[in-house]
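Single-letter residue listing:
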Amino acid sequence: MPKHYRPPGKKKEGNAAKYITRTKAVHYLQVSLSNFRKLCILKGIFPREPKKKVEGNHKTYYHMKDILFLAHEPLLEKFRDIRAHKKKVKKALARKNRDLADRLLNREPTYKLDRLILERYPTFVDALRDLDDCLTMVHLFAALPAVEGERIQVERIHNCRRLSHEWQAYISRTHSLRKTFISVKGIYYQAEVEGQKITWLTPHALQQVLTDDVDFNVMLTFSEFYVALLGFVNFKLYHSINVKYPPILDPRLEALAAELYALCRYISAGSGRLSGDPQAITSVEDGQHEVEKTDTRTEESELRLAQLQHQLSANEPGALMHLMENTDDMDDEDHEKKECRNLFRNLKFFLSREVPRESLLFVIPAFGGVVSWDGNGSPFKESAEDITHQIVDRPTQGHVFLSREYVQPQWVYDCINARIILPTEKYLVGRVPPPHLSPFVDNEAEGYIPEYAETIKRLQAAAKKQVLPMPGVESQDLDDPQTLLVEGIIDRTEANEAAEKKRKLTMLEKQYHDELNMELQGITYSTSLSNKNLQSSAENVKEDTVTTLEESEDLSKVSMSRKKRKLYEAMKIGQERKKEKIKLLKERKKNAEAKISISALNL
């Protein structure tokens, strides 16, 4: 008998015992494939890749411990109850027993995700670290059209929109926004909440169409979990700033599609006692015990929600506005937060109809500005005399107020990323704005710094009263006293003293290097006095040093293993490609400048 012979029916070992295929897992749990997929999404269980796929490469494998973990999940029993309930309703309708069907529909079994969120995120920091995809998904569903009869429920879209407004109101009130970037996909935001950097993407305010090539069942399962998660996160964040949750909105502003403005007023007041109907409370999703104790749906709120459903368009931007009068300065704020809070301080903005209103109403108050818009419910009108900037995105502006500046929306985002108030000459109405640079890219690490990035860097240094080299001047040239004298930084006496001191230091440094070269060659001090070819010897030493470095590099490659050698060669190839890319960008820049100069001469 072979040594590793195992009789049939005995216990499996190795990968055959550790992993199980999806088909066997579905049969083991006795659920449908859709319920199995939904359960895995809610529990955070994903497929695995075993080293040896026992049953073939074309199958999906799960860890056996994960499947046993799902077998004891209470949600599994709820899914079975829901399936049985649907069968009862179908059977009653088939028998034309409408009364029984209505009674069954009114007693549909439900489930909550409170315990799952506590299992997956034991601490609040864990939830914040996993909030990137959550916010992106919630903002995506908030931008979808809320139309009855579609594959997505209207209530789900309203919940996503409400939660996204609550999140933006908190970020705006606490000045936690750090970066923003407009791309083809949408608008990227990055905020810092309790030391965690959270990045999410919001779609542009365009008409969204539900296509048939997207499986919305999977997305709806993710959104169901993310809605519950974001509800708990907002509850915790609002209580951290001593604000009652859920917020009580002003019904007048709510009817005018100014939910975000109403939220910011509520947060700024610091309490839930605002003027308005106390019945106007937005309901929170199922699964929040704390919210259920304070939030009661009334017939008036349901009627108003039904009215708003037909009154508001799918992409009507929320009127986000931060009132600065009741905000308290925190003594423990760091320098970055103070810088963000005071960026647009004492500036008053007015938004025209054609600009991305919801985004600007979110970012401007987050950096200390006061903003209004063209429409009902706005704090002040366009004719206000104390408006400093008006955001316009059209070729020409008809009526112009001389007391304000008319700029394009990109100016706001570039000022936020640069953390300074940039000059408005390049962003005036009708002009082609400068390139919109991403704050998520490290130009120094990439090896290529765009021209406008250098300009912004100089403006930042000027704002901080630092000295930077002029274009075409290296950084070490700042140490030259003549350069400092020409720039007007020091006077002539100080320049002469600095030049004499620099000359002495240069002589001492040259003498030190000469002695070091002689020590490498083994020349004694007495012999060096009669040596007339110190310069040629130093050059030979440099050549020998370069040769030694090359030989040591070759020896290190020989001593490497094959895997490390391949990795080292791949790194070298990547570095060469980066150099070629930088060279190509510089050539393109040179050609563009040449074309501009030629066109200017022709004119």
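The name an unreviewed UniProt entry gives the chain is Pescadillo homolog, with Musa troglodytarum as the organism. Per UniProt, the chain has the following entry under Sequence similarities (unreviewed entry): "Belongs to the pescadillo family." What UniProt states about the chain under its Function (unreviewed entry) heading is, verbatim, "Required for maturation of ribosomal RNAs and formation of the large ribosomal subunit."

Describing the overall build of the chain
In terms of regular secondary structure, the chain is built from 25 helices and nine strands. The buried share among the 603 residues of the chain stands at 38%. Of the contacts formed within the chain by residues at least 6 apart in sequence, a portion of 63% connects residues at least 24 apart. Surface summary for the chain: the accessible area is close to 37200 Å², and the carbon and sulfur share equals 52%.

Overview of helix H18 (residues 409-418)
Most of H18 sits inside the fold, with nine of its ten residues counted as buried. Residues of H18 that are buried: Pro 409, Gln 410, Trp 411, Val 412, Tyr 413, Asp 414, Cys 415, Ile 416 and Ala 418. After H18 finishes, the residue Arg 419 shows a positive phi value of roughly 65 degrees.

Remarks on the pattern of salt bridges
Summed over the entire model, instances satisfying the criterion amount to 20 salt bridges. Linking Glu 224 and Lys 38 is a salt bridge whose minimum nitrogen-to-oxygen distance equals 3.7 Å. One end of the pair, Glu 224, is in helix H11 (residues 216-240); the other, Lys 38, is in helix H3 (residues 33-43), and 186 residues separate them in sequence. Judged by its relative accessible area of 18%, Glu 224 falls in the buried class. For Glu 73, the salt bridge goes to Arg 115, with nearest N and O atoms at 2.4 Å. Of this pair, Glu 73 sits in the loop between helix H4 (64-71) and helix H5 (74-94) while Arg 115 is found in helix H7 (residues 114-120), placing the two residues 42 residues apart along the sequence. By sharing partners, the salt bridges in this structure join Arg 178, Glu 192, Glu 336, Glu 339 and Arg 419 into a single network.

Re the packing of aromatic side chains
On inspection of all chains with the given rule, the structure shows 17 aromatic pairs. Taken together, the ring pairs in this structure connect Tyr 121, Phe 222, Phe 225 and Tyr 226 into an aromatic cluster. The ring of Phe 380 has Lys 348 sitting right over it, with the charged end atom 4.3 Å from the ring centre. Above the face of the Phe 401 ring, Arg 404 is positioned so that its terminal group lies 4.1 Å from the ring centre.

Quick notes on the side chain of Gln 408
With respect to the helices, strands and loops of the structure, Gln 408 is situated in the loop between strand E9 (405-407) and H18. Given the relative accessible area of 11%, Gln 408 is considered buried. Side-chain polar atoms of Gln 408 contact the backbone oxygen of Arg 431, separated by 2.7 Å. Not counting residues within four places of it along the chain, the set of residues in contact with Gln 408 comprises Ile 391, Val 392, Tyr 427, Leu 428, Gly 430, Arg 431 and Pro 433.

Let's talk about the confidence of the model for the chain
Confidence in the prediction of the chain, expressed as mean pLDDT, is 78, and 73% of residues score 70 or more. When pLDDT is averaged over each element of the chain, strand E4 (residues 187-193) comes out on top at 95 and helix H14 (residues 289-294) at the bottom at 39. Contacts for the low-pLDDT stretch residues 470-478, under 50 throughout, to residues beyond four places or in other chains number ten contacts.

Section: unusual backbone geometry
For the bond running from Tyr 245 to Pro 246, omega is 5 degrees, close enough to zero to count as cis. As for its placement among the helices and strands, Pro 246 is situated in the loop between H11 and helix H12 (251-255). Despite not being glycine, Gln 30 has its phi angle at roughly 60 degrees, a positive value. Its identity is not glycine, yet His 175 carries a phi of approximately 55 degrees, on the positive side. Residue position: His 175 is located in the loop between helix H10 (154-174) and strand E3 (177-182). The exposure class of His 175 is buried, given its relative accessible area of 3%.

Focus: a nonpolar patch on the surface
A cluster of nonpolar side chains, contributed by Tyr 512, Leu 516 and Leu 520, occupies part of the molecular surface with about 320 Å² of accessible area. By secondary structure assignment, the location of Leu 516 is in helix H22 (residues 492-521). When its relative accessible area of 33% is taken as the criterion, Leu 516 is described as partly exposed.

Quick look at the sheet that holds strand E7 (residues 370-373)
Pairing in this open sheet of four strands is parallel, and the strands run E7-E6-E8-E9 from one edge to the other. Each edge of the open sheet is held by one strand with a lone partner, namely E7 and E9. Within this sheet the neighbouring strands show an average axis-to-axis angle of 25 degrees, counted without direction. Bridge count between strand E8 (residues 389-391) and E9: three bridges; the pairing is parallel. Pairing of Gln 390 across the sheet is with Tyr 406, part of E9. On the sheet, helix H17 (residues 357-366) packs against strand E6 (348-351), E7 and E8 and is oriented at approximately 160 degrees with respect to E7.

Looking at the environment of Tyr 19
Along the chain, Tyr 19 falls in strand E1 (residues 19-21). Considered as a pair, Tyr 19 and Tyr 61 are 42 residues apart in the sequence and their alpha carbons are 6.2 Å apart. Setting aside chain neighbours within four positions, we find Tyr 19 in contact with Arg 48, Pro 50, Tyr 61, Tyr 62, His 63 and Met 64.

Digging into the pairing of E6
Each regular strand displays side chains that alternate between the two surfaces of the sheet. Across the two faces of E6 the burial is the same, with Lys 348 and Phe 350 and Phe 349 and Leu 351 all buried. One crossover worth recording links E6 to the parallel E7 by way of H17, and it is right-handed. Bridge count for E6 against E8 is three bridges, and the pairing is parallel. By the bridge assignment, Leu 351 is partnered in E8 with Ile 391.

Description of the sheet that holds E4
Sheet architecture is open: three strands sit in the order E3-E4-E5, paired in antiparallel fashion. Strands at the two margins of the open sheet, each flanked by one partner only, are E3 and strand E5 (196-202). Strand-to-strand, the axes of this sheet are offset by a mean angle of 15 degrees, without reference to chain direction. The pairing of E4 with E5 spans seven bridges and is classified as antiparallel. If you follow Ile 187 over to E5, its bridge partner there is Thr 202. Against the sheet, H17 contacts E3, E4 and E5, and its axis sits at roughly 35 degrees relative to E4.

Cut-offs and rules
Residues numbered from 1 in each chain as written. Predicted model: local features only at pLDDT ≥ 70, side-chain atom pairs only at ≥ 80, totals over all residues. Heavy atoms only, no water. UniProt positions renumbered as here; feature names shortened; annotations may be inferred. Helix = DSSP H or I, 4+ residues; strand = E, 2+ residues; numbered from the N terminus. Buried < 20%, exposed > 50% of the residue type's maximum accessible area, 1.4 Å probe, protein only. Contact = heavy atoms within 4.5 Å. Areas by Shrake-Rupley, 256 points an atom, 1.4 Å probe, with all protein chains shown as cover. Salt bridge = Lys/Arg side-chain N within 4 Å of Asp/Glu carboxyl O. Phe/Tyr/Trp six-rings, centres within 6.5 Å; stacked < 30°, edge-to-face > 60°. Lys NZ or Arg CZ within 6 Å of the ring centre and 35° of its normal. Polar contact = N/O pair within 3.5 Å; in protein donor to acceptor, adjacent residues only side chain to side chain. pLDDT = per-residue confidence, 0-100. Patch = residues over 30% accessible without salt bridge, like charges linked within 9 Å, V, L, I, M, F, W, Y side chains within 5 Å. Pairing = 2+ DSSP bridges. Axes fitted to C-alpha atoms, helices over the stretch in contact; angles between N-to-C directions. Right-handed = clockwise from strand over helix to strand, strands pointing away.

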